[in-house]
Amino acid sequence: MEENRVIDITGAMEVHKVVPPPHRSTLQKLNNRLKETFFPDDPLRQFKGQPLKQKLILGAQYVFPILEWGPNYSFNLFKSDVVSGLTIASLAIPQGISYAKLANLPPIVGLYSSFVPPLVYAVLGSSRDLAVGPVSIASLVLGSMLREVVSPTKDPILFLQLAFSSTFFAGLFQASLGFLRLGFIIDFLSKATLIGFMAGAAVIVSLQQLKSLLGITNFTKQMAIVPVLSSVFHRTNEWSWQTILMGFCFLVFLLLTRHISMRKPKLFWVSAGAPLLSVIISTLLVFAMKGQKHGISIIGKLQEGLNPPSWNMLHFSGTYLGLVIKTGIVTGILSLTEGIAVGRTFAALKNYQVDGNKEMIAIGLMNIVGSSTSCYVTTGAFSRSAVNHNAGSKTAVSNIVMAVTVMVTLLFLMLLFEYTPNVVLGAIIVTAVIGLIDIPAAFQIWKIDKFDFLVLLCAFLGVIFISVQDGLAIAIGISILKVLLQITRPKTVMLGNIPGTGIYRNLDHYKEAMSIPGFLILSIEAPINFANATYLKERISRWIEDYEAEGGKNKKQSGLKFVVLDLSGVSAIDTSGVSLFKDLSMALEKKGLEAICIGESNRRSTGKTTEG
């Protein structure tokens, strides 16, 4: 029976002549490779065969997406956008003030950043649902990186200048990625990295708000969990029971409204309006009870008027140039990743496309413009975009409505925020960032890939025990190491036949699969190149030695005669890979063995498929 099965196998393998691919010059090959690397979406295909006038129109629509949907805009769409714009404005105003304080910036800068950038994005952005403004993660990273060198309390003007300069370099970096079609760089931030990083950042952000929630005045400048908790419990004499009571009440209220909206999505407006309602109620309470005289810290008087120009505050040379470039790149990557991920998420829900490179250009240019108009790093925020989507947003006009609402606030309503307590802003921040801790996603990663979970854990622990940027760097480093290991140590498995079929499967995965006496069938499931050719040669030699050693122990198993290499999982091979097979063939001939390589044609003829 065993000999018959061998005959059946060899007989089932049909030989097909491999036809050389069509001849292409080196220049054509290089052009095709560059096109697939930098222009996989082929953005120029829409211009083919079009008259010059149409090409100019299409070009203008590509650069300014508003020209594409603007001519067909209707009053019905406007009604939906007004409702969603006013809804996200009610969330953007308190969040803008809160996130600016998180970045150690004056609260007014958060409102400035919710006015100009949304207007720029409405013209250049391709997402219908993205709501633009400051976000917690970028605010935290910006504030923590700059605070390590410059004190925001001792030298607030210099700190503000560095924040605007970092925003400029963040925008320059983001726009450059889009113009140069280098968006694949941000793909190195894997899902596991982002989940771990955001969870760690959420913990640190929440702990930092204990300063406001407890009424502590002298608080640590460090971001790691140990010094933060140490500062909290060594300053118990500064705790204010009035502040704690107010903070606890509004935190419970905000968490309750968030829970209601999560349980019943149609009630999204409950959590969307809760921050603004909290600000209004707490401000009235403090004003009526003169809370500032009872230990409750307030924002104080805010400057009225629209964004003042800030291009004269940008630093392009001097001692701090390296700091602002580094801060800009880190915050730029984080905000870009969040913005594109959010935009693509809601685009998938509404079945339309978001161009990643156009989004990079739009987000980058709005940060460049923002840095010259007293704004700091902005992007598409998930919480605001979710509210925008649920409120029925149809186009980017909702961003314009939000910006106009913020403009009215800046011009006429700033006096109303003078008595807003900092404790409520802290509660708003805690409520916003708590949603960044995604435990179900972390549990799923643990079940699927333990190495990915290690990356997640390193990002999380690095952020909370070392620093935000170091935790992110450690996680990215481990992710890159994983990719390098997969390239240099590709998977090779031993295949066996499933009786009664022409199908071959991994012997370790399928109990019914049986090895064929005299045949060692190996599957290589990765591209073969200079980085792994030596390893594959050594690994295949080890497979042969193990087979022969097992054959010596098992008298029923006949000696090895054929080494079959299944290359149907090999998508590419370079010159080092070709040399590998030449060297392997010579080595096997010396041992009296015959090497057989099978590829896609053999796989189809035998019905064999490789393990995925």
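Residues numbered from 1 in each chain as written. Predicted model: local features only at pLDDT ≥ 70, side-chain atom pairs only at ≥ 80, totals over all residues. Heavy atoms only, no water.

On to the overall build of the protein, then. Helix and strand counts for the protein come out as 25 helices and 7 strands. Seen through its C-alpha atoms, the protein measures out along the principal axes to roughly 95 × 70 × 55 Å. Considering only intrachain contacts with a sequence separation of at least 6, the fraction spanning at least 24 residues in the protein is 79%. Counting only carbon and sulfur atoms, one obtains 64% of the accessible surface of the protein, whose full area is about 30,000 Å². Charge-centre separation for the protein: the mean point of 53 positive side chains lies 7 Å from the mean point of 38 negative side chains. (Helix = DSSP H or I, 4+ residues; strand = E, 2+ residues; numbered from the N terminus. Contact = heavy atoms within 4.5 Å. Areas by Shrake-Rupley, 256 points an atom, 1.4 Å probe, with all protein chains shown as cover. Lys, Arg positive; Asp, Glu negative; His and termini not counted. Charge placed at Lys NZ, Arg CZ, Asp CG, Glu CD.)

Estimates place the volume of the second largest pocket at around 910 Å³. Lining the second largest pocket are 35 residues; nearest its centre among them are Lys 101, Asn 104, Arg 147, Lys 211 and Ser 212. Where the lining of the second largest pocket is concerned, the elements lending two or more residues are helix H5 (75-102), helix H8 (136-147), helix H9 (156-179), helix H11 (210-214) and helix H19 (422-433). When residues of the lining of the second largest pocket are assigned to their parent elements, the largest contribution, 5 residues, is made by H19. Per-class residue counts for the lining of the second largest pocket are 16 nonpolar, 15 polar and 4 charged. (1 Å grid on protein atoms, 1.4 Å probe; cavity = no way out; pocket = protein on both sides within 12 Å on 5 of 7 lines; lining within 4 Å. Points joined across faces, edges and corners; volume = space filled by probe spheres on them. Nonpolar A, V, L, I, M, F, W, Y, C, P; charged D, E, K, R; others polar.)

Quick look at a negative patch on the surface now. Taken together, the side chains of Glu 545, Asp 546, Glu 548 and Glu 550 present a region of like negative charge at the surface. Inspection of the secondary structure assignment puts Glu 550 in helix H23 (residues 533-553). A residue is classified by how much of its surface remains accessible, and Glu 550, at 42% relative accessible area, is partly exposed. (Patch = residues over 30% accessible without salt bridge, like charges linked within 9 Å, V, L, I, M, F, W, Y side chains within 5 Å. Salt bridge = Lys/Arg side-chain N within 4 Å of Asp/Glu carboxyl O. Buried < 20%, exposed > 50% of the residue type's maximum accessible area, 1.4 Å probe, protein only.)

The sheet built from 5 strands is open, its strands ordered S4-S3-S5-S6-S7 with mixed pairing. At either margin of the open sheet sits one strand with a lone partner, and together these are strand S4 (504-506) and strand S7 (594-598). Neighbour-to-neighbour, the strand axes of this sheet turn through a mean angle of 35°, independent of strand direction. Bridge analysis of strand S3 (residues 492-497) against strand S5 (residues 519-524) gives 3 bridges, and the strand direction is antiparallel. Residue Val 493 lies in a different strand from S5, and its bridge partner there is Ser 523. (Pairing = 2+ DSSP bridges. Axes fitted to C-alpha atoms, helices over the stretch in contact; angles between N-to-C directions.)

In the contact formed by helix H15 (residues 321-350) and helix H16 (residues 356-371), the axes pass within 10 Å of each other and the chain directions differ by 130°. Regarding the angle of H15 to H16, the classification is oblique. Helix-helix and strand crossings are classified by hand; for H15 and H16 the assignment is right-handed. Along the contact surface, H15 presents Leu 336, Gly 339, Ile 340 and Arg 344, while H16 presents Gly 356, Glu 359, Met 360 and Ile 363. Of the residues assigned to the contact of H15 with H16, the class counts are 4 nonpolar, 2 polar and 2 charged. (Parallel < 35°, antiparallel > 145°, perpendicular 65-115°, else oblique. Left-handed = near helix turned anticlockwise from the far one by under 90°.)

Take the pairing of S5 next. Judged by how many residues are buried, S5 sits mostly within the fold: 6 of 6 residues are covered. Burial along S5 is two-sided: the residues Phe 519, Ile 521 and Ser 523 and Leu 520, Leu 522 and Ile 524 are all buried. Where S5 and strand S6 (residues 562-566) come together, 5 bridges link them in parallel fashion. Across the sheet, the residue bridging to Ile 521 is Val 564, located in S6.

What follows is about the nonpolar core. Ranked by internal contacts, the top residues of the largest apolar core, which has 101 residues, are Leu 105, Leu 111, Leu 140, Val 141, Phe 197, Tyr 376 and Leu 410. With 9 residues, the top contributor of residues to this core is H9. Setting aside residues up to four positions removed in sequence, Leu 140 forms contacts with Leu 102, Ala 201, Ile 204, Val 205, Met 223 and Val 468. (Core = buried A, V, L, I, M, F, W, Y, C linked by side-chain atoms within 4.5 Å.)

Moving on: the side chain of Lys 482. Inspection of the secondary structure assignment puts Lys 482 in helix H22 (residues 468-488). Those residues in contact with Lys 482 that sit more than four places away from it in its chain are Asp 449, Phe 451 and Asp 452.

According to UniProt, the "transmembrane region" (unreviewed entry) feature falls on residues 158-180, 192-210, 239-256, 268-289, 360-383, 395-417, 423-446 and 453-481. Here residues 239-256 is 89% helix and 0% strand, with 25 Å between the C-alpha atoms at its ends. Secondary structure across residues 268-289 divides into 100% helix and 0% strand, with the first and last C-alpha atoms of the span separated by 32 Å. (UniProt positions renumbered as here; feature names shortened; annotations may be inferred.)

In this structure, Asn 104 is a non-glycine residue whose phi angle is positive, near 65°. One can find Asn 104 in the loop between H5 and helix H6 (107-112). For Asn 104, a relative accessible area of 23% puts it in the partly exposed group. The backbone phi angle of Ser 374 is positive, close to 60°, even though this residue is not glycine. The residue Ser 374 is located in the loop between H16 and strand S2 (379-380) in this model.

The subject of this paragraph is the environment of Ala 427. Within the element layout of this structure, Ala 427 appears in helix H19. Linking Ala 427 and Phe 248, residues 179 residues apart in sequence, is a C-alpha distance of 8.2 Å. In this view, Ala 427 contacts Leu 213, Gly 247, Leu 251 and Leu 254; residues no more than four positions away in its chain are not counted.

This brings us to the pattern of salt bridges. For the coordinates displayed, the defined rule picks out 3 salt bridges. Lys 350 is paired through a salt bridge with Asp 129; the nearest N and O atoms lie 2.8 Å apart. Taken together, the positions of Lys 350 in helix H15 and Asp 129 in the loop between helix H7 (116-124) and strand S1 (132-133) put the pair 221 residues apart, joining distant regions of the chain. Judged by its relative accessible area of 27%, Lys 350 falls in the partly exposed class. On the basis of relative accessibility, which here comes to 0%, the residue Asp 129 falls in the buried class. For Lys 482, the salt bridge identified is with Asp 452, shortest N-O distance 2.9 Å. Taken together, the residues span a long stretch of sequence, with Lys 482 in helix H22 and Asp 452 in helix H21 (residues 450-465) at a distance of 30 residues.

Moving on, we get to the confidence of the model for the protein. Mean pLDDT over the protein stands at 84; residues scoring 70 or higher make up 91%. Contacts for the low-pLDDT stretch residues 601-612, under 50 throughout, to residues beyond four places or in other chains number 34 contacts. (pLDDT = per-residue confidence, 0-100.)

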